[in-house]
Protein chains: 2
Amino acid sequence: MYQAYSYLSHLYCPRCSREYDASVPQHKCLCGAPLLTAYDMDALKIQFRKEAVMVRPPSIWRYHELLPVRTEKDIVSLGEGITPLLPMKKTAARYNMDDLRLKDDGVLPAGSAEARGAAVGISKLNEYNVPDMVLAANGHAGAAWALYGSRSSICSHVAMPVEAPLAVRKECAASGADLQLINGFMQEAEEAADRASERHGWFDASTFKEPYRIEGEKTTGLELAEQLQWNLPDVIACPVGAGTSFIGLYKAIHELIELGWVRSAKIPKLVAVQTESCAPIVHAFEKKWTHTVETPELYSAAFEISTGTSAGDFLVLDAIYKTKGAAVAVCEEDLLAEQRLITREEGIFSSPEGAAVFAGVRQLREENWIQREDRVVCINTAMGVKTPDIMEGSTPILAPGDDW
Amino acid sequence: MYQAYSYLSHLYCPRCSREYDASVPQHKCLCGAPLLTAYDMDALKIQFRKEAVMVRPPSIWRYHELLPVRTEKDIVSLGEGITPLLPMKKTAARYNMDDLRLKDDGVLPAGSAEARGAAVGISKLNEYNVPDMVLAANGHAGAAWALYGSRSSICSHVAMPVEAPLAVRKECAASGADLQLINGFMQEAEEAADRASERHGWFDASTFKEPYRIEGEKTTGLELAEQLQWNLPDVIACPVGAGTSFIGLYKAIHELIELGWVRSAKIPKLVAVQTESCAPIVHAFEKKWTHTVETPELYSAAFEISTGTSAGDFLVLDAIYKTKGAAVAVCEEDLLAEQRLITREEGIFSSPEGAAVFAGVRQLREENWIQREDRVVCINTAMGVKTPDIMEGSTPILAPGDDW
């Protein structure tokens, strides 16, 4: 039987159900909603075997049948995946929990989970022969897309808020991208990318303006399931800015259930974590709304997830409601305290966003929303060393001969 | 037949052949040389099968039989390995080469190859129940050992030159380690660690003062061979400071040959790359010496490999001579130019040390020491984003409404 490299079928709108051709570049739905990717699940159910996947080389491309890139030759790869899934024993004890784990997506090329989305997104642009792309990004995504762009010879134009972390700006500039710092926050960066796309004809690859970043981010969920021997955990907690990784996670779970690779009886509760400085999803969740209201973007150490408005808000909220999950906002103080403790106890210098997730889980455990015996997986989306400035403290300097 | 988790046999001195018991902590040989680790190769030849290794989870511990940790429960892991092996097509074309690849050891926990040595070294200290360890480090090693120390509950004391990169100092401090900056270079840091070890009874885990870091670093070579379907390349080029990774690489090749997993007919030429500012190995190689002379440690962008003296110098030189390899020094200008080009062409923001390796390979290719048809693997030992300061350039700032 003929086996395709990808079982990509078409794109569809999760709001109005319109369908789109996946053989040409697409952006959003006419109705303004993000597009999602559909696969030929009937064929996959017969031809895609998890036993085959598990002996392939360790990268996200071991799941190629369930990814949208049509042929192997178009793949633009820096060797992304499989990231560690680590027990967090000391933290679990501190939270009075039996089984707490970390999926450490900082251990990826360019040091962030954005490598997953960039690898798949840029590979598709490469397949479509797109010469120039523009995107607005809070930080890591800009650097990741620019680096994968360089590898593929796609010319990258990146709009990043001027407050984005210095190391990430340098990383993005090092790629040779046309980087523009924007005197403003994400919304202003998106407007600049919009205008530049219109003016110069550059493909707009900003969040939710192309459908394949979500497919890349989905692989966190696929790996997670494989690493747990296809037994999904009780709770998965994830930082949420625009929400692409959250939506990817939910999509991964659904596809795994449809394939019959995991048991459908137990769908993990998905927890979205934001910071109090900018928490539109949490606000909407508390009101039981299906959409968010635009929220001002204030400074947070977790700069990456300070996103006041998202075209995918309804998908994030739907995933929370459908999985009986939750949304929780943490304060700066708790976030920074957890970052310090996790580094000291577990040896993992997580991103502020990753630390926010632990602060959120701690909060839900204290409220007994998370039970002691629940198996919980937290997702860290970047290496802390990419944003070292938020770590305080001075270090003594010894002169030769001084006593230690 | 009984299968051991580790086939560790004993420790031995590569200079005077004295043997040491590996069941208790050891430092150097009485003669002052570093100790190397021996395994029961006769048993391994019968019981250790590469086919079994290849289906294990992707981490350095898939090679546990050939690593020194006696039982799985003592392993301290942040999920280290398997790192990407990437084709470098544009760079190969620029160098007029057919097959150039990068082993990207930046994609590891803590963003550097030092995770390999720290994982194995700290796991052994954990096995020995050592409560406190001290080490001198130029940067990445200090951060990696401190982070693995935190995870295992070993108390870490780190002496680092005051000029070490800021992000790495912050990373080390974040682990909760007792970090002391030393007003001087590596030699002064080593002296401080020495004195503190004597004074406080802390285990000295500085370079070559304990034998297992090399075993961890060896796994780069094991992975490399596996990723090339057990066909070793013609040349492997590696940055050399003290030389632990270089010695590990050579040891890996020898053990693979002894196991019969690779063909012995073709031993890769090992190339040591240093910077002109501090190149004792290159100097000794040019004079055909078996030892180096102490060399002043001057500032280089490749701070990690600015090491004026090394107790392992004779092992590095021996590996070069035995493999018909070479040692090459690169100037700052070439190193920085290659870092920029590799990031722009290949999307890999390498460490300055990794960039030095490419500059070295380029030099050897221009001299036709490397042939066009040679398969060459370069090793990058850290993520460039951990030392972003050496990247220059300013970025334009757009105000809302400005034209891009």
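Residues numbered from 1 in each chain as written. Chains lettered and ligands numbered in written order. Predicted model: local features only at pLDDT ≥ 70, side-chain atom pairs only at ≥ 80, totals over all residues. Heavy atoms only, no water.

- Chain A is annotated in an unreviewed UniProt entry as Threonine synthase from Salibacterium lacus.
- Chain A has a UniProt comment under Cofactor (unreviewed entry) that states "pyridoxal 5'-phosphate". (UniProt positions renumbered as here; feature names shortened; annotations may be inferred.)

### Structural notes on the overall build of chain A
Link 1 in the chain: A tally of regular secondary structure across chain A gives 13 helices and 14 strands.
Link 2 in the chain: In terms of C-alpha radius of gyration, chain A reaches 20 Å, essentially the compact-globule figure of 22 Å for 404 residues.
Link 3 in the chain: Overall, the C-alpha framework of chain A stretches about 70 × 50 × 50 Å when taken along its three principal axes.
Link 4 in the chain: Across the 404 residues that make up chain A, the buried fraction comes to 66%.
Link 5 in the chain: Intrachain contacts of chain A at a sequence separation of at least 6 include 71% that bridge at least 24 residues.
Link 6 in the chain: Accessible area of chain A: about 14,100 Å², with a carbon and sulfur share of 49%.
Link 7 in the chain: Here chain A holds 40 positive side-chain charges and 55 negative ones, and the gap between their average locations is 5 Å. (Helix = DSSP H or I, 4+ residues; strand = E, 2+ residues; numbered from the N terminus. Rg over C-alpha atoms; globule rule 2.2 N^0.38 Å. Buried < 20%, exposed > 50% of the residue type's maximum accessible area, 1.4 Å probe, protein only. Contact = heavy atoms within 4.5 Å. Areas by Shrake-Rupley, 256 points an atom, 1.4 Å probe, with all protein chains shown as cover. Lys, Arg positive; Asp, Glu negative; His and termini not counted. Charge placed at Lys NZ, Arg CZ, Asp CG, Glu CD.)

### Digging into the sheet that holds strand 4 (residues 85-87) of chain A
Working definition: the strands of a sheet are paired by backbone hydrogen bonds and lie parallel or antiparallel to each other.
Residue and element names in this part refer to chain A.
Link 1 in the chain: Pairing in this open sheet of six strands is mixed, and the strands run 4-5-13-10-11-12 from one edge to the other. Unpaired on one side and paired on the other, strand 4 and strand 12 (326-330) mark the two borders of the sheet. Along the sheet, successive strands turn relative to each other by an average axial angle of 25 degrees, direction set aside.
Link 2 in the chain: Sheet topology places strand 4 next to strand 5 (residues 99-104); three bridges connect them, and they run antiparallel. Across the sheet, residue Pro87 finds its bridge partner in strand 5, namely Arg101.
Link 3 in the chain: Along the sheet face, helix 13 (residues 352-366) touches strand 5, strand 10 (235-239), strand 11 (269-275), strand 12 and strand 13 (375-380) and points at about 110 degrees away from the line of strand 12. (Pairing = 2+ DSSP bridges. Axes fitted to C-alpha atoms, helices over the stretch in contact; angles between N-to-C directions.)

### Some points on the nonpolar core
Link 1 in the chain: Membership of the largest hydrophobic core comes to 130 residues, with the highest contact counts inside it found for Trp61, Met133, Trp145 and Phe246 of chain A together with Leu100 and Val361 of chain B.
Link 2 in the chain: With nine residues, the single largest contributor to this core is helix 9 (residues 244-259) of chain A.
Link 3 in the chain: Once you skip the residues sitting within four places of it in the chain, Val361 of chain B turns out to touch Tyr95, Met97, Leu100, Ala237, Ile370, Val376 and Cys378 of chain B.
Link 4 in the chain: Val357 of chain A together with Leu181, Phe208 and Ala279 of chain B belong to the second largest nonpolar core, which has 129 residues in total. (Core = buried A, V, L, I, M, F, W, Y, C linked by side-chain atoms within 4.5 Å.)

### Notes on the sheet that holds strand 11 (residues 269-275) of chain B
All names here are of chain B.
Link 1 in the chain: Strand order across the open sheet formed by six strands is 4-5-13-10-11-12, with mixed pairing between neighbours. Looking at strand neighbours, the two that pair on one side only are strand 4 (85-87) and strand 12 (326-330), the edges of this open sheet. The mean angle between the axes of side-by-side strands here comes to 25 degrees, regardless of whether they run parallel or antiparallel.
Link 2 in the chain: Relative to strand 13 (residues 375-380), strand 10 (residues 235-239) runs parallel, the two sharing three bridges. When the bridges of strand 13 are listed, Ile236 appears paired with Val377.
Link 3 in the chain: Lying over the sheet, helix 8 (residues 212-227) contacts strand 4, strand 5 (99-104), strand 10 and strand 13, oriented at roughly 135 degrees with respect to strand 5.

### Describing the interface of chain B and chain A
Link 1 in the chain: Contacts between chain B and chain A engage 71 residues on the former and 70 residues on the latter.
Link 2 in the chain: Interface area for chain B against chain A, summed over the two sides, is near 5,400 Å², with a carbon-plus-sulfur share of 62%.
Link 3 in the chain: When the buried area of chain B at its contact with chain A is split by residue, Arg151, Lys170 and Trp404 of chain B rank highest and sum to 16% of it.
Link 4 in the chain: Counting across the chain B and chain A interface gives four salt bridges.
Link 5 in the chain: Between Glu346 of chain A and Arg151 of chain B there is a salt bridge, with its nearest N and O atoms 3.1 Å apart.
Link 6 in the chain: For the interface between chain B and chain A, the tally reads 22 residue pairs in polar contact (both at pLDDT 80 or more).
Link 7 in the chain: Breaking the side of chain B that touches chain A down by element, the ones donating at least two residues are strand 4, helix 5 (140-152), strand 7 (155-161), helix 6 (166-174), strand 8 (178-182), helix 7 (186-200), helix 12 (332-346) and strand 14 (397-398) of chain B.
Link 8 in the chain: Among the elements that take part in the side of chain B that touches chain A, helix 7 of chain B stands out by supplying seven residues, more than any other.
Link 9 in the chain: Here the side of chain B that touches chain A is built from residues that sort into 39 nonpolar, 16 polar and 16 charged. (Buried area = accessible area lost by both parts, 1.4 Å probe. Salt bridge = Lys/Arg side-chain N within 4 Å of Asp/Glu carboxyl O. Polar contact = N/O pair within 3.5 Å; in protein donor to acceptor, adjacent residues only side chain to side chain. Nonpolar A, V, L, I, M, F, W, Y, C, P; charged D, E, K, R; others polar.)

### A few points about empty space enclosed by the protein
Link 1 in the chain: All chains considered together, the criterion is met by eleven cavities of 30 Å³ or more.
Link 2 in the chain: Volume-wise, the largest cavity comes out at about 150 Å³.
Link 3 in the chain: Forming the walls of the largest cavity are 17 residues, and the residues nearest its centre are Pro109 and Ala110 of chain A together with Asp104, Phe349 and Met383 of chain B.
Link 4 in the chain: For the lining of the largest cavity, a count of residues per class yields eleven nonpolar, four polar and two charged.
Link 5 in the chain: In this structure, the second largest cavity encloses a volume near 130 Å³.
Link 6 in the chain: Asp104, Phe349 and Met383 of chain A together with Pro109 and Ala110 of chain B are the residues nearest the centre of the second largest cavity, which is lined by 15 residues in total.
Link 7 in the chain: When grouped by side-chain class, the residues that make up the lining of the second largest cavity number nine nonpolar, four polar and two charged. (1 Å grid on protein atoms, 1.4 Å probe; cavity = no way out; pocket = protein on both sides within 12 Å on 5 of 7 lines; lining within 4 Å. Points joined across faces, edges and corners; volume = space filled by probe spheres on them.)

### Focus on the UniProt feature "domain: Tryptophan synthase beta chain-like PALP" (unreviewed entry) in chain A
Link 1 in the chain: Taking the UniProt record as the reference, the feature "domain: Tryptophan synthase beta chain-like PALP" (unreviewed entry) is found at residues 76-381 of chain A.
Link 2 in the chain: As annotated, residues 76-381 of chain A comprises 45% helix and 17% strand, and the C-alpha atoms at either end are separated by 21 Å.

### Some words on the packing of aromatic side chains
Link 1 in the chain: Inspection of every chain in the model, using the stated rule, returns ten aromatic pairs over all chains.
Link 2 in the chain: Judged by centre distance (6.1 Å) and plane angle (20 degrees), the ring pair of Phe285 of chain A and Tyr321 of chain A falls under stacked. Separated by 36 residues along the polypeptide, Phe285 of chain A in helix 10 (residues 280-286) and Tyr321 of chain A in helix 11 (residues 313-322) bring together distant segments of the chain.
Link 3 in the chain: The partly exposed category is assigned to Tyr321 of chain A, whose relative accessible area is 30%.
Link 4 in the chain: An angle of 40 degrees between the planes, with centres 4.7 Å apart, marks the rings of Phe48 of chain B and Trp261 of chain B as tilted. (Phe/Tyr/Trp six-rings, centres within 6.5 Å; stacked < 30°, edge-to-face > 60°.)

### Considering a nonpolar patch on the surface
Link 1 in the chain: Taken together, Met54 and Val55 of chain A together with Met54 and Val55 of chain B make up a surface patch of nonpolar side chains, about 360 Å² in accessible area.
Link 2 in the chain: With respect to the helices and strands, the residue Met54 of chain B is situated in the loop between helix 2 (50-53) and strand 4.
Link 3 in the chain: The class of Met54 of chain B is partly exposed, set by a relative accessible area of 38%. (Patch = residues over 30% accessible without salt bridge, like charges linked within 9 Å, V, L, I, M, F, W, Y side chains within 5 Å.)

### Section: the relation of the copies chain B and chain A
Turning one copy of the chain about an axis and sliding it along that axis gives the other copy, so a rotation and a shift relate them.
Link 1 in the chain: Between chain B and chain A, the superposition needs a rotation of 180 degrees and an axial shift of 0.0 Å, giving an RMSD of 0.0 Å. The symmetry that links the two subunits is that of a two-fold axis.
Link 2 in the chain: Same-surface contact between copies: 99% of interface residues of chain B are shared with the interface of chain A. (Least-squares fit on C-alpha atoms with pLDDT ≥ 70 in both.)

### Considering the environment of Gly216 of chain A
All names here are of chain A.
Link 1 in the chain: Its place among the elements puts Gly216 in helix 8 (residues 212-227).
Link 2 in the chain: Classification of Gly216 by relative accessible area gives buried; the value is 0%.
Link 3 in the chain: Among residues more than four places away in sequence, those in contact with Gly216 are Arg116, Gly117 and Val120.

### Concerning helix 11 (residues 313-322) of chain B
Residues and elements named next belong to chain B.
Link 1 in the chain: With seven of ten residues buried, helix 11 lies mostly within the body of the structure.
Link 2 in the chain: What helix 11 keeps buried is the set Asp313, Phe314, Leu315, Val316, Leu317, Ala319 and Ile320.
Link 3 in the chain: Check the buried side of helix 11 and you find it contacts helix 9 (244-259), strand 11, helix 10 (280-286) and strand 12.
Link 4 in the chain: Count one or two residues on from helix 11 and you reach Lys324, which has phi positive near 55 degrees.

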